Structures are given as C-alpha cells and as structure tokens.
Amino acid sequence: MKLNVKLCDNAQPRSKSYKLSDGNGLILEVMPNGSKLWRCRYRISGKEKSLSLGVYPTVSLKDARLANLQAKKQVREGIDPSTEKQK
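Description of the structure in this document. (Residues numbered from 1 in each chain as written. Predicted model: local features only at pLDDT ≥ 70, side-chain atom pairs only at ≥ 80, totals over all residues. Heavy atoms only, no water.)

## Topic: the sheet that holds strand S2 (residues 26-30)
Just so we agree on the cut-off: What makes two strands pair is DSSP finding at least two bridges between them. Runs of E in the DSSP output that reach at least two residues are strands. Runs of H or I that reach at least four are helices, and both are numbered from the N terminus. Fitting a line to C-alpha atoms yields each axis, with helices limited to the stretch in contact; the angle taken between N-to-C directions then spans 0 to 180 degrees.
Sheet architecture is open: four strands sit in the order S1-S2-S3-S4, paired in antiparallel fashion. Each end of this open sheet is capped by a strand with a single partner; those strands are strand S1 (18-23) and strand S4 (47-56). Geometrically, the sheet is characterised by an average inter-axis angle of 30 degrees between neighbouring strands, direction not taken into account. In terms of strand pairing, strand S3 (residues 36-44) meets S4 through nine bridges, oriented antiparallel.

Shown next as structure tokens:
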C-alpha cells in the first residue's frame, strides 16, 4: 500500500525505529525520538545501499517520491546516487 500524507503525519514513535514503505525502494523511517526520515533503498554493483532524502515534513511525500525516482534513474545509468550526492 502506498503512503499518503495522513499516514505520514499520524506515524507515532515506538521504542525502536520502524519503516513505512511507499514502494519502489522509498521508505519513511520513524525514529524513537519522533523524527521521520526519508530513505531510498537501492542496489548497485550487487550491494544494497540506502540514500537519505531528507526529513519529513520538510521534504514532502511528493518531493521524496521525485527524489527517489531521480536516484533510481541514476542507478539504471550505472551511477551511485550516494557518491553523486557527496560530490
């Protein structure tokens, strides 16, 4: 099931961090302190990696989806998005 703004807003912190998936590798990670972080999971050169896309609600669901699509496009082109972000 895809995420929506209401689900993101209503995600409550727990004793351990947990993840809500939007599909296509986009995840909202809810931390015990209440912060919510967007992450993009991808695989390049046989290794699974994660790219931080920002903090919710500063980065909206729509913006996170666009950033996720851009990262996935880079992966298809053989570019590691995390090394590109560091440059």
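## Focus: the pattern of salt bridges
For the record, the criterion: Salt bridges are identified by distance alone: a Lys or Arg side-chain nitrogen within 4 Å of an Asp or Glu carboxyl oxygen. Remark: exposure states derive from per-residue accessible area (1.4 Å probe, protein chains only) relative to the maximum for the residue type, with buried under 20%, exposed over 50%, and partly exposed in between.
Summed over the entire model, instances satisfying the criterion amount to six salt bridges. Among the salt bridges present, the one from Arg65 reaches Asp22, with a minimum N-O distance of 2.8 Å. You can see Arg65 sitting in helix H2 (residues 61-76) and its partner Asp22 sitting in strand S1, a full 43 residues away along the chain. Take Asp22: its relative accessible area is 4%, and that puts it in the buried class. The closest approach of N and O atoms between Glu48 and Arg41, which form a salt bridge, is 3.2 Å.

## Some details on the packing of aromatic side chains
Put simply, the test is: Here a Phe, Tyr or Trp ring, Trp counted by its six-membered ring, pairs with any other such ring whose centre lies within 6.5 Å, and the pair is stacked when the planes are under 30 degrees apart, edge-to-face when over 60, and tilted otherwise. Comment: the charge-over-ring label is applied if NZ (Lys) or CZ (Arg) is within 6 Å of the ring centre and within 35 degrees of the ring normal.
In this structure the tally under the stated criterion is one aromatic pair. Judged by centre distance (5.9 Å) and plane angle (85 degrees), the rings of Trp38 and Tyr56 are edge-to-face. Of this pair, Trp38 sits in strand S3 while Tyr56 sits in strand S4, and the two are 18 residues apart along the sequence. The two residues Trp38 and Tyr56 agree in class, both being buried. When the ring centre of Tyr18 is taken as origin, the NZ or CZ atom of Arg14, which lies over that ring, is 3.8 Å away.

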